[in-house]
Amino acid sequence: MDDTTSKLAFDTDWQYDPAPESTDHVRVDDQYELFIGGEFVAPKEGRYFDSINPANEQVLARIASAGKDDVDRAVKAARKAYETSWSKLKPAERGKYIYRIARVIQERAREFSVIESLDGGKPIRESRDIDIPLAAAHFFYYAGWADKLEYAFPGKQVAALGVAGQIIPWNFPLLMAAWKIAPALACGNTVVLKPAETTPLTALKLAEVIRDAGLPPGVVNIVTGAGDTGAALVDHPDIDKIAFTGSTAVGRLIQNSQAGTSTIYTLELGGKAANIVFDDAAIDQAVEGIVNGIFFNQGHVCCAGSRLLVQESVADEVVQKLKDRMETLIVGDPLDKNTDIGAINSAAQLEKIESYLQLGQDEGGEMYQASGSVPERGYWCRPTLFTGVSQSNRVVQEEIFGPVLAVQTFRTEQEGLDKANNTPYGLSGGVWTDKGAKIFRIAQGLRAGVIWANTFNKFDPASPFGGYKESGVGHEGGLHGLDAYVSLA
Ligand code: NAP
Ligand code: MG
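Conventions adopted
- Residues numbered from 1 in each chain as written.
- Chains lettered and ligands numbered in written order.
- Predicted model: local features only at pLDDT ≥ 70, side-chain atom pairs only at ≥ 80, totals over all residues.
- Heavy atoms only, no water.
- Helix = DSSP H or I, 4+ residues; strand = E, 2+ residues; numbered from the N terminus.
- Rg over C-alpha atoms; globule rule 2.2 N^0.38 Å.
- Buried < 20%, exposed > 50% of the residue type's maximum accessible area, 1.4 Å probe, protein only.
- Contact = heavy atoms within 4.5 Å.
- Areas by Shrake-Rupley, 256 points an atom, 1.4 Å probe, with all protein chains shown as cover.
- Lys, Arg positive; Asp, Glu negative; His and termini not counted.
- Charge placed at Lys NZ, Arg CZ, Asp CG, Glu CD.
- Near = heavy atom within 4 Å.
- Polar contact = N/O pair within 3.5 Å; in protein donor to acceptor, adjacent residues only side chain to side chain.
- 1 Å grid on protein atoms, 1.4 Å probe; cavity = no way out; pocket = protein on both sides within 12 Å on 5 of 7 lines; lining within 4 Å.
- Sits in = over half its atoms within 2 Å of the grid points.
- Nonpolar A, V, L, I, M, F, W, Y, C, P; charged D, E, K, R; others polar.
- Domains from an automatic or database assignment.
- Core = buried A, V, L, I, M, F, W, Y, C linked by side-chain atoms within 4.5 Å.
- Pairing = 2+ DSSP bridges.
- Axes fitted to C-alpha atoms, helices over the stretch in contact; angles between N-to-C directions.
- Expected span 1.5 Å × (residues − 1).
- Donors = N, O, S within 2.8 Å, 3.2 Å for Na, K, Ca; no water.
- Phe/Tyr/Trp six-rings, centres within 6.5 Å; stacked < 30°, edge-to-face > 60°.
- Lys NZ or Arg CZ within 6 Å of the ring centre and 35° of its normal.

Novice: Please give an account of the overall build of the protein chain that cites residues and values.
Specialist: For the protein chain, the helix and strand inventory stands at 17 helices and 22 strands. In terms of overall dimensions, the protein chain is globule-like: its C-alpha atoms have a radius of gyration of 23 Å, near the 23 Å expected for 489 residues. Overall size of the protein chain, expressed as C-alpha extent along the three principal axes, is 75 × 50 × 40 Å. Out of the 489 residues in the protein chain, the part that is buried amounts to 57%. Taking the contacts inside the protein chain whose residues are at least 6 apart along the sequence as the reference set, 75% of them involve residues at least 24 apart. Counting every atom, the protein chain has about 19800 Å² of accessible surface; 51% of that belongs to carbon and sulfur. In the protein chain, 47 side chains carry a positive charge and 64 a negative one; their mean positions are 7 Å apart.

Listed below in structure tokens is the structure:
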């Protein structure tokens, strides 16, 4: 190779060819109705809203908006199903239905993945490798518990609660539906689920699966709509259990509305997790984990590692490596298999993230953004980090829910822990070190529900998930997830 060629090869900004996932096998109807009592029915007031594709702002489908009367119909259908069929079934039979749902999700995984990416903006790599397989895994896992509840709670009389009202957010639409529906059904409850307004499609596809799987009508009902639909469900007098995943603000409203009632509730709320990186950590591995923890899924993850606490002696090296890695991340078409960071879920969420980018700079932080291009239409945010921020800054304290990392340094283990714990949240955390004993000390000291060591954002249906402080009340997942759907005597 002569000098000119080697220079050319070095200077070329290598681009990947587009590798779009095919959409041929996917059917999205123009309009979707409510799923109540085993069939799709029009909303009483005849109101509909659009679900759009945040990557191109085009309308994907018209979605029924459930009013109070519709929510009431759905709760009545769930009550009837609970009393006449579901609670009378042998537990092993309940399990068979849940296994069937799991298998159909697995069979239709490609279709579910594409629809999840179209409706919510997440990269296909993620919906294909994480969301959809984990959703199926949750149904498989809880199907297995359906006829073994007496082993889960030895020496106790286990009974279902009745009708569960479940409300989920837009960041993991099908997975959150699985987290909610699978344990509820396994324990013998019936369900009314409200998906998020911006991502209703996979829940409605799941309704088709549930219908085709032959579940008795009314065991699962799906009511689409906005916040007022959620509020109507929460306030319905015939709900025995509320399961909510979403923002701390709405969680607080729900908690207040339930004060003095006998309704049982679990709340999975926000987070502001820290990744704590020590100077003895495998630095390249840690950088990859940090990138995965905050830029993965556009930072639309409640347990995202949105803060980095790095030991001072390696801070410059880690930050430089992070910036280099951020430069290589591809922001763009969610359906492209090369894409690392997809579209921000909605215009409103993008506006919120951008207001934090401004705020972080106004507070004196130094902002660094990767330089790559983003598509013209749609909602996009380049991976961003802030250095020079302190504990009292709002970008350090508040959940942004976007691809934005706040970086701080520490000298001693105790300082690292104190800073990590100094937030109103306590959902998750990460520690990166070569020393096993340090991992245990940090894990003991962190006031957070889920702690990863030398990895981040790994999930398994058998592991419980839930937070401390303003991150929520109760747990989902694993054996703990059954607790929330039974009464014990
Ligand atoms: P959100 O605004 O609280 O919405 C969550 C769900 O509640 C949506 O279905 C929403 O409907 C509905 N809702 C809105 N107002 C309501 C009300 N007054 N009563 C009952 N339901 C109501 O949260 P989001 O912005 O969609 O989701 C992001 C938040 O979820 C973040 O804070 C994140 O940390 C948290 N999250 C937590 C976990 C966890 O497990 N801890 C997991 C994922 C996400 P609309 O969509 O129509 O507004
Ligand atoms: Mg949408």
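Novice: How would you summarise the site of ligand 1 if you had to cite specific residues and measurements?
Specialist: Of all residues adjacent to ligand 1, which total 28 residues, the nearest are Ile 168, Glu 197, Ser 247, Leu 269 and Glu 399. A distance of 3.1 Å separates an oxygen atom of ligand 1 from a polar side-chain atom of Lys 194. Compared with its free state, where it exposes 890 Å², ligand 1 has 87% of that area covered by protein. Here ligand 1 occupies the largest pocket. Put simply, the parts of the chain that give the shell around ligand 1 at least two residues each are helix H9 (227–235), strand S10 (241–245) and helix H10 (248–258). For the shell around ligand 1, the class distribution of residues is 16 nonpolar, eight polar and four charged. Residues from two domains meet in the shell around ligand 1; each of domain 1 (31–269 + 471–488) and domain 2 (274–460) gives at least three.

Novice: Would you mind going over the nonpolar core in detail, with residue names and values included?
Specialist: Residues Ile 101, Phe 139, Leu 185, Leu 206 and Leu 215 are the most contacted members of the largest nonpolar core, which totals 108 residues. Broken down by element, this core gets its largest block of residues, 11 residues, from helix H7 (residues 173–186). Both domains that meet at this core, namely domain 1 (31–269 + 471–488) and domain 2 (274–460), each give it at least three residues. When neighbours within four sequence positions are excluded, Phe 139 is seen to be in contact with Ile 98, Ile 101, Ala 102, Ile 105, Ala 178, Ile 181, Ala 182 and Leu 206. Judged by nonpolar contacts, the second largest core, of 23 residues, contains Ala 66, Val 75, Ala 232 and Ile 239.

Novice: Report on the sheet that holds strand S4 (residues 48–53), specifying residues and quantitative values.
Specialist: Backbone-to-backbone hydrogen bonds pair the strands of a sheet. The strands run either parallel or antiparallel. With mixed pairing, the three strands of this open sheet are ordered in space as S1-S5-S4. Strands at the two margins of the open sheet, each flanked by one partner only, are strand S1 (31–32) and S4. The sheet strands contacting helix H4 (residues 109–120) are S4 and strand S5 (58–64), and the helix crosses S4 at an angle near 100 degrees.

Novice: Now, about helix H12 (residues 312–327): what can you tell me, with residues and values included?
Specialist: Taking 1.5 Å of rise per residue, 16 residues should cover 22 Å, and H12 covers 23 Å from first to last C-alpha, within 8% of that figure. Looking only at H12, the buried set comprises Val 314, Ala 315, Val 318, Val 319, Leu 322, Lys 323 and Met 326. Contacts from the buried residues of H12 go to helix H11 (283–294), strand S13 (307–311), strand S14 (366–369), strand S15 (384–387) and strand S16 (404–410).

Novice: An account of unusual backbone geometry is needed here, citing residue identities and associated values.
Specialist: Unlike most non-glycine residues, Gln 298 shows phi in positive territory, near 55 degrees. Mapped onto the elements, Gln 298 comes out in the loop between H11 and S13. Judged by relative accessible area, Gln 298 falls into the buried class, the value being 1%. Phi angles above zero are rare outside glycine, and Phe 401 is one such case at about 60 degrees.

Novice: Please give an account of the side chain of Arg 79 that cites residues and values.
Specialist: With respect to the helices, strands and loops of the structure, Arg 79 is situated in helix H2 (residues 68–84). Classification of Arg 79 as buried rests on a relative accessible area of 15%. Ignoring anything within four residues of it in the chain, the contact list for Arg 79 reads Gly 162, Val 163, Thr 190, Asp 238 and Asp 240.

Novice: Provide a residue-level description of the coordination of the magnesium ion (ligand 2), including the pertinent values.
Specialist: Geometry sets the ideal angles at a metal, namely 109.5 degrees for four tetrahedral donors and 90 or 180 degrees for six octahedral donors. Ligation of the magnesium ion (ligand 2) by protein atoms is provided by Ser 51 (OG), Ile 52 (O), Asp 119 (O), Asp 119 (OD) and Thr 198 (O), these donors lying 2.2 to 2.8 Å from the ion. Donor residues for the magnesium ion (ligand 2) sit on one chain with the sequence pattern S-I-x66-D-x78-T. Residue Ile 52 is located in strand S4, and its partner Asp 119 is located in helix H4; the two are separated by 67 residues in the primary sequence. Assessed through its relative accessible area of 25%, Ile 52 is described here as partly exposed. Relative accessible area serves as the criterion here: at 2%, Asp 119 is assigned to the buried category.

Novice: Explain the packing of aromatic side chains to me, and be specific about the residues and the numbers.
Specialist: If you walk through the whole model with that rule in mind, you get 11 aromatic pairs. Their ring planes at 80 degrees and their centres at 5.8 Å tell us that Trp 452 and Phe 459 sit as a pair that is edge-to-face. Here Phe 459 and Phe 465 contribute two aromatic rings whose centre-to-centre distance is 6.0 Å and whose plane-to-plane angle is 50 degrees, an arrangement assigned as tilted. Classification of Phe 459 by relative accessible area gives partly exposed; the value is 25%. Sitting over the ring of Phe 172, Lys 122 keeps its end group 3.9 Å from the ring centre. The positively charged end of Lys 241 is found above the aromatic ring belonging to Tyr 485, 4.7 Å away from the centroid.

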